[in-house]
Amino acid sequence: MRLKNVPGSKEYIAQSNFVIHDETEKKGKIRDCFSNDNPIRIEIGMGKGRFIYDLASQNPDINYIGIEKYSSVLLRAIQKMEENPLDNLIFIRMDAEDITEVFQDKEIDRIYLNFSDPWPKDRHAKRRLESRQFLERYKKILKDGGLIEFKTDNNDLFDFALEEVEAAGWKMLSFTRDLHNDDVLSEGNVMTEYEEKFSAMGNPINKYIIQKP
Ligand code: SAM
């Protein structure tokens, strides 16, 4: 998702209390953003933040951090928090490539990846958030037994992601190629903005849940 550049969004984000600023300087202190020891779960590429906002409001005993690269998109998530703030949700504007510069080893309980950009050209494969290069980063920050949940309607991206899981030696806990018709995996499913849009067009949704090796 790349909204048109929204003038002033960077400045707006810079003064927001719903955002962790200077995130690399906060490495080791991210937990201080929450006044509890509850698990921390992150969504990478959260877009306008509907999924993580709904998840956080349903699960007040879990802390959530939404990560988004683009200011114009993050701005929408901040505006939602301003209308109805949640104590257990905060955002970071950053490129996920730098994730190990922000989170400590084994700090994160679970990672959500939803409708990630497909980067269709082969030479861009390592930019895909499900690539083995990203799985290596996630392995560092996830605690032992930590999980990644990934959803997409893009079959090529999902096929690639399955290959990467195997190559990187992660454990496949479950997967489906039709989430909305899967009795087990669809239970409690929280929709993302893209999920609603693409499933309304008739696209089946793929999902996997994998565990850190
Ligand atoms: N997850 C949302 C959903 O399912 O509705 C948005 C999906 S949108 C296609 C992908 C989002 O991931 C975009 O907002 C994009 O800016 C963000 N993104 C892509 N690569 C990223 C990266 N390396 N780090 C952080 N965000 C990224």
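Being a predicted model, the structure only gives us computed values, none of them experimental.

Procedures and definitions
- Residues numbered from 1 in each chain as written.
- Predicted model: local features only at pLDDT ≥ 70, side-chain atom pairs only at ≥ 80, totals over all residues.
- Heavy atoms only, no water.
- Core = buried A, V, L, I, M, F, W, Y, C linked by side-chain atoms within 4.5 Å.
- Buried < 20%, exposed > 50% of the residue type's maximum accessible area, 1.4 Å probe, protein only.
- Helix = DSSP H or I, 4+ residues; strand = E, 2+ residues; numbered from the N terminus.
- Domains from an automatic or database assignment.
- Contact = heavy atoms within 4.5 Å.
- Phe/Tyr/Trp six-rings, centres within 6.5 Å; stacked < 30°, edge-to-face > 60°.
- Lys NZ or Arg CZ within 6 Å of the ring centre and 35° of its normal.
- Buried area = accessible area lost by both parts, 1.4 Å probe.
- Salt bridge = Lys/Arg side-chain N within 4 Å of Asp/Glu carboxyl O.
- Nonpolar A, V, L, I, M, F, W, Y, C, P; charged D, E, K, R; others polar.
- Near = heavy atom within 4 Å.
- Polar contact = N/O pair within 3.5 Å; in protein donor to acceptor, adjacent residues only side chain to side chain.
- Areas by Shrake-Rupley, 256 points an atom, 1.4 Å probe, with all protein chains shown as cover.
- Patch = residues over 30% accessible without salt bridge, like charges linked within 9 Å, V, L, I, M, F, W, Y side chains within 5 Å.
- Lys, Arg positive; Asp, Glu negative; His and termini not counted.
- Charge placed at Lys NZ, Arg CZ, Asp CG, Glu CD.
- Arc of directions from axis to C-beta.

Digging into the nonpolar core
Nonpolar side chains in soluble globular proteins tend to be buried together.
Step number 1: I42, I44, I65, F103, I111, Y138 and I148 are the most contacted members of the largest nonpolar core, which totals 36 residues.
Step number 2: Secondary structure elements with two or more residues in this core: β1 (40–44), β2 (63–68), β3 (89–93), β4 (108–114), α4 (132–141), β5 (142–152), α5 (155–168) and β7 (206–211).
Step number 3: Per-element tally for this core: the top contributor is α5, with six residues.
Step number 4: Counting contributing residues, this core receives three or more from each of domain 1 (1–21 + 39–93) and domain 2 (95–213).
Step number 5: Setting aside residues no more than four positions away along its own chain, I148 makes contact with I111, L113, L135, Y138, L142, W170, Y208, I209 and I210.
Step number 6: Counting residues in each nonpolar core, the second largest holds 20 residues, with F51, A56, M81 and L86 among its members.

Looking at the packing of aromatic side chains
Within a pair of aromatic rings, the relevant descriptors are the distance that separates the centres and the angle that separates the planes.
Step number 1: Going through the model one piece at a time under the given rule, you end up with seven aromatic pairs.
Step number 2: Within the aromatic cluster, the residues linked to one another by ring pairs are F150, F158, F175 and Y208.
Step number 3: The cationic tip of R128 hangs over the ring face of F160; the distance from NZ or CZ to the ring centre is 4.4 Å.
Step number 4: A cation over a ring is seen here: R137 above F134, with NZ or CZ 4.4 Å from the ring centre.

Here we look at the domain arrangement of the chain
When the parts of a complex come together, some accessible area is lost, and that lost area is often taken as the interface size.
Step number 1: In terms of domains, the chain is made up of domain 1 (1–21 + 39–93) and domain 2 (95–213).
Step number 2: Centre-to-centre, using C-alpha coordinates, domain 1 lies 19 Å away from domain 2.
Step number 3: Of the residues lining the interface, 20 residues belong to domain 1; the matching set on domain 2 comes to 24 residues.
Step number 4: Considering only the side of domain 1, the residues that lose the most area to domain 2 are I44, R50 and F51, jointly responsible for 35% of the buried surface there.
Step number 5: In this assembly, domain 1 and domain 2 are joined by three salt bridges.
Step number 6: Linking K69 and D95 is a salt bridge whose minimum nitrogen-to-oxygen distance equals 3.9 Å.
Step number 7: In the side of domain 1 that touches domain 2, the residues fall into eleven nonpolar, three polar and six charged.

Side note on the site of the ligand
Step number 1: Taken together, the neighbourhood of the ligand is formed by 18 residues, with G45, E68, A96, T192 and Y194 sitting nearest.
Step number 2: At a separation of 2.9 Å, a nitrogen atom of the ligand approaches a polar backbone atom of A96.
Step number 3: Within the backbone of E193, one N or O atom sits 3.3 Å away from an oxygen atom of the ligand.
Step number 4: Starting from 600 Å² of accessible surface for the ligand in isolation, the protein chains cover 96%.
Step number 5: Per-domain counts for the shell around the ligand show at least three residues from each of domain 1 (1–21 + 39–93) and domain 2 (95–213).

Regarding a positive patch on the surface
Step number 1: Taken together, the side chains of K121, R123, K126 and R127 present a region of like positive charge at the surface.
Step number 2: Residue position: R127 is located in the loop between β4 and α4.

A word on helix α6 (residues 193–200)
Step number 1: Every buried residue of α6 is listed here: E195, F198 and S199. The arc enclosing the buried residues of α6, seen along the axis, measures out at 100 degrees, which places them on a common side.
Step number 2: Each element contacted by the buried residues of α6 is listed here: β5.

Some thoughts on the side chain of R128
Step number 1: Counting through the fold element by element, R128 comes out in the loop between β4 and α4.
Step number 2: The side chain of R128 sits in the buried core without any salt bridge; D122 is the nearest counter-charge, 4.4 Å away.
Step number 3: Polar contacts involving the side chain of R128 include one to the main-chain carbonyl oxygen of P118, which spans 3.0 Å.
Step number 4: Not counting residues within four places of it along the chain, the set of residues in contact with R128 comprises P118, W119, P120, K121, D122, F134, L157 and F160.

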